[in-house]
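# A look at the structure
Residues per chain, in single letters:
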Number of protein chains: 2
Amino acid sequence: MEILKVEKLTNERWLNLYACHFQHQAHHGRWVYASRKEPDQPHQRADAVVIVPILHVPAQPPRLVLQKEFRVPIRGFNYGLPAGLLEEGESIEDTVRRELHEETGLELVRIKKISPVLYSSTGMTDESAYLVFVDVALPPQPRAQALEGSEIIEVILLDHAEVCRLCEHPDLPIDAKAWTVLYLYQQLGHLS
Amino acid sequence: MEILKVEKLTNERWLNLYACHFQHQAHHGRWVYASRKEPDQPHQRADAVVIVPILHVPAQPPRLVLQKEFRVPIRGFNYGLPAGLLEEGESIEDTVRRELHEETGLELVRIKKISPVLYSSTGMTDESAYLVFVDVALPPQPRAQALEGSEIIEVILLDHAEVCRLCEHPDLPIDAKAWTVLYLYQQLGHLS
């Protein structure tokens, strides 16, 4: 497979459409995809973090933190995991801590696992993220979310029985990574 | 949140960029996203199936079927699950059977679970898929893949130990759903 050239089809600030011309044996093709990056930008690290937070509060069962968020592309609410773009020069841990603060008001206690770079959907985009499994706690002082003008986010805390119920809901608008995490904990039989 | 209008920014065959204008309290915003659908098309079902096949062969351990596929948007190979778009009028089961034939040459035995509609990444697209857990078998007669001109796909069979090793690989280019499935089976301690 040889990449012949990449054409930029739009000139938007956050997301653009590109056409990539390629040659594979006798087949010449043109593949259109969406990207947040310029095609010559190096791709050493992922664009974003997607966080799997388990909240531990003394004398209470552990709970998974999800959020119900309005998403313009689907013109409705979606259940998902807290997530955000890595800013220039920011470490994965810093981004996790910042996004937890901004979106949920919760405190990072411990990072348990960081996935490799995971691609969202390589047929249509080069978008990628780290899936980061963390333990979180309530802040010493109650803290409000710090949302931007376009954000409507409701934080949802689920114990293991609620995780299992949500996973079996037949028509919940839900993110693929979030549902797969619900299914993981349902199959494992506990949150940890 | 009120959607004011949706502008189509490109006129491509398979994927387009749209700008959605919305009003949220005093905030007027414009959100650019990518979609395979027209904005007024009804969204009752997902765009695609993503298949989690476990291969059972008598006297051998069960194996997870992955594929290593060249993906133009990332200009390289990616490890992923067999997947494909639902065609008009085609049932989920028919699409699963067809994609397994075309991409892996394997035979559908049994559908074990179908997820609800799962969104790939609702910040940038309305793309959605069903995650379908299935048992598969070798065909009675060996069968070749039936690939299109733009497809380069290598089928990979992994027993439980190999699933665990691949899941821990630090810099494998891998799809988010595929890695989360590896992690699920690693944590469960068996393929089933």
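Every chain begins its residue count from 1, and numbering advances along the sequence as written. As a convention, the first chain written is A and the first ligand written is 1, with the rest following in written order. Where local features are concerned, this predicted model is filtered to residues with pLDDT of at least 70; where side-chain atom pairs are given and counted, the filter is 80 or more; whole-chain, interface and lining totals use all residues. Water and hydrogen atoms were dropped before computing side-chain values, which therefore reflect all heavy atoms in the structure.

## Quick word on the overall build of chain A
- Working definition: helices are DSSP H or I runs of at least four residues, strands are E runs of at least two. Numbering for both runs from the N terminus. On a plain count of helices and strands, chain A comes out with three helices and twelve strands.
- Dimensions along the principal axes, computed over C-alpha positions, put chain A at roughly 65 × 35 × 30 Å.
- When contacts within chain A are restricted to residue pairs at least 6 apart in sequence, long-range pairs at least 24 apart make up 55% of them.
- Carbon and sulfur atoms provide 49% of the accessible area of chain A, an area that totals close to 8,600 Å².
- Charged-residue counts in this description rest on Lys and Arg as positive and Asp and Glu as negative, His and the chain ends being excluded. Charged side chains are reduced to one point each, which is NZ for Lys, CZ for Arg, CG for Asp and CD for Glu. For chain A, the distance from the average site of its 19 positive side-chain charges to the average site of its 27 negative ones is 1 Å. Two residues form a contact once any of their heavy atoms are found within 4.5 Å. In this description, accessible areas are obtained by the Shrake-Rupley approach with a 1.4 Å probe, and a residue is regarded as covered only by the protein chains that are shown.

## Some remarks on unusual backbone geometry
Residue and element names in this part refer to chain A.
- Phi angles above zero are rare outside glycine, and Gln 25 is one such case at about 50°.
- Here Gln 25 shows up in the loop between β2 (16–24) and β3 (27–35).
- For Gln 25, a relative accessible area of 70% corresponds to the exposed category. Exposure categories follow from relative accessible area, calculated using a 1.4 Å probe and restricted to protein chains: below 20% of the type maximum is buried, above 50% is exposed, and the middle band is partly exposed.

## Describing the sheet that holds strand β3 (residues 27–35) of chain B
All names here are of chain B.
- Pairing in this open sheet of three strands is antiparallel, and the strands run β1-β2-β3 from one edge to the other. Two strands close off the open sheet at either side, each with one partner strand: β1 (2–8) and β3. Mean inter-strand twist for the sheet, computed between neighbouring axes without regard to direction, equals 20°. For two strands to pair, DSSP has to find at least two bridges joining them. Geometry is summarised by axes, namely lines fitted to C-alpha atoms with helices restricted to the contacting stretch, and by angles between N-to-C directions that run from 0 to 180 degrees.

## Some details on the confidence of the model for chain A
- Confidence of the predictor in every single residue is expressed as pLDDT, which spans 0 to 100. Of the residues in chain A, 98% have a pLDDT of 70 or more, and the chain-wide mean is 92.
- Reported confidence for the predicted complex is 0.92 by ipTM and 0.93 by pTM.

## Looking at the relation of the copies chain A and chain B
- Mapping chain A onto chain B leaves a residual RMSD of 0.0 Å; the transformation is a rotation of 180° accompanied by 0.0 Å of translation along its axis. What the superposition gives is, in effect, a two-fold axis relating one chain to the other.
- Both copies contact each other with a shared surface, as 100% of the interface residues of chain A are interface residues in chain B too. Least squares is used to superpose the copies, and the fit set is the C-alpha atoms of residues whose pLDDT is at least 70 in both copies.

## A closer look at helix α2 (residues 160–168) of chain B
Residues and elements named next belong to chain B.
- Among the residues of α2, those classed as buried are Val 163, Cys 164, Leu 166 and Cys 167. An end-on view of α2 places all buried positions within 165° of arc, on one side of the element.
- Nitrogen and oxygen atoms within 3.5 Å of one another constitute a polar contact, given that in protein one can donate a hydrogen and the other can accept it, and given that sequence-neighbouring residues count only through two side-chain atoms. Its side-chain oxygen placed 3.2 Å from the backbone nitrogen of Ala 161, Asp 159 serves as the N-cap of α2. Throughout, the arc means the angular range of directions from the helix axis out to the C-beta atoms.

## Some remarks on the nonpolar core
- Side-chain atoms within 4.5 Å link the members of a nonpolar core, which is a set of buried Ala, Val, Leu, Ile, Met, Phe, Trp, Tyr and Cys residues. Leu 64 and Tyr 185 of chain A together with Leu 64 and Tyr 185 of chain B are the most contacted members of the largest nonpolar core, which has 57 residues in total.
- The dominant element in this core, judged by the number of residues it contributes, is helix α3 (residues 176–188) of chain A, at nine residues.
- If sequence neighbours within four positions are ignored, Leu 64 of chain A has contacts with Val 52, Pro 53, Ile 54, Ile 156, Leu 157, Leu 158, Val 163, Val 181, Leu 182, Tyr 185 and Leu 191 of chain A.

## So, the packing of aromatic side chains
- The aromatic pairing rule takes the rings of Phe, Tyr and Trp, using the six-membered ring of Trp, and pairs them if the centres are within 6.5 Å, calling planes under 30 degrees apart stacked, those over 60 edge-to-face and the rest tilted. Overall, the coordinates contain eight aromatic pairs over all chains when judged by the stated rule.
- With centroids separated by 5.6 Å and ring planes inclined at 25°, the aromatic side chains of Tyr 18 of chain A and Tyr 33 of chain A adopt a geometry described as stacked. A residue pair is termed long-range when its members are at least 10 positions apart, and Tyr 18 of chain A in strand β2 and Tyr 33 of chain A in strand β3 qualify at 15 residues.
- Judged by centre distance (5.5 Å) and plane angle (90°), the ring pair of Phe 70 of chain B and Phe 77 of chain B falls under edge-to-face.
- Among the aromatic side chains, those forming a connected cluster through ring pairs are Phe 133 of chain A together with Trp 179 and Tyr 183 of chain B.
- Sitting over a ring, as applied to charges here, requires NZ of Lys or CZ of Arg to be within 6 Å of the ring centre and within 35 degrees of the ring normal. The cationic tip of Lys 68 of chain B hangs over the ring face of Phe 77 of chain B; the distance from NZ or CZ to the ring centre is 5.2 Å.

## Focus on the packing of α3 of chain A against helix α3 (residues 176–188) of chain B
- Two elements in contact, α3 of chain A and α3 of chain B, have axes whose closest approach is 10 Å; the angle formed by their N-to-C orientations is 10°. What the angle tells us is that α3 of chain A and α3 of chain B run roughly parallel. On the side of α3 of chain A, the interface is formed by Ala 176, Lys 177, Thr 180, Tyr 183, Leu 184, Gln 187 and Leu 188 of chain A, while α3 of chain B contributes Ala 176, Lys 177, Thr 180, Tyr 183, Leu 184, Gln 187 and Leu 188 of chain B.
- Ten residues, namely Ala, Val, Leu, Ile, Met, Phe, Trp, Tyr, Cys and Pro, are considered nonpolar, four, namely Asp, Glu, Lys and Arg, are considered charged, and the remaining ones, Gly among them, are considered polar. Looking at the contact of α3 of chain A with α3 of chain B residue by residue, the class counts come to eight nonpolar, four polar and two charged. Note on terminology: angles under 35 degrees are roughly parallel, angles over 145 are roughly antiparallel, angles of 65 to 115 are roughly perpendicular, and the others are oblique.

## Overview of the interface of chain A and chain B
- Listed per partner, the contact involves 62 residues of chain A and 62 residues of chain B.
- Summed over both partners, the accessible area (1.4 Å probe) lost when two parts come together is defined as the buried area. In this assembly, chain A packs against chain B so that about 6,000 Å² is buried in total across both faces, 70% of it on carbon and sulfur atoms.
- Three residues stand out in chain A for area buried against chain B, namely Pro 73, Arg 75 and Met 124 of chain A, and they jointly supply 11% of the buried area on that side.
- Salt bridges are identified by distance alone: a Lys or Arg side-chain nitrogen within 4 Å of an Asp or Glu carboxyl oxygen. One can count four salt bridges joining chain A with chain B.
- For Glu 12 of chain B, the salt bridge identified is with Arg 30 of chain A, shortest N-O distance 2.8 Å.
- Scanning the region where chain A abuts chain B turns up 16 residue pairs in polar contact (both at pLDDT 80 or more).
- Of all elements in the fold, only β1 (2–8), β2, β3, β5 (63–71), β9 (118–119), β10 (128–137), β12 (174–175) and α3 of chain A reach the threshold of two or more residues within the side of chain A that touches chain B.
- When residues of the side of chain A that touches chain B are assigned to their parent elements, the largest contribution, eight residues, is made by α3 of chain A.
- Here the residues of the side of chain A that touches chain B are counted per class, giving 34 nonpolar, 16 polar and twelve charged.

## Quick look at α3 of chain A
Residues and elements named next belong to chain A.
- By definition here, a helix of n residues has an expected span of 1.5 Å times n minus one. Taking 1.5 Å per residue, 13 residues should reach 18 Å; α3 reaches 18 Å between its end C-alpha atoms and fits that length.
- Within α3, twelve of the 13 residues are buried, leaving the element largely enclosed by the surrounding structure.
- Listed as buried for α3 are Ala 176, Lys 177, Ala 178, Trp 179, Thr 180, Val 181, Leu 182, Tyr 183, Leu 184, Tyr 185, Gln 186 and Leu 188.
- Of the residues flanking the start of α3, the one acting as N-cap is Asp 175, its side-chain oxygen 2.9 Å from the backbone nitrogen of Lys 177.

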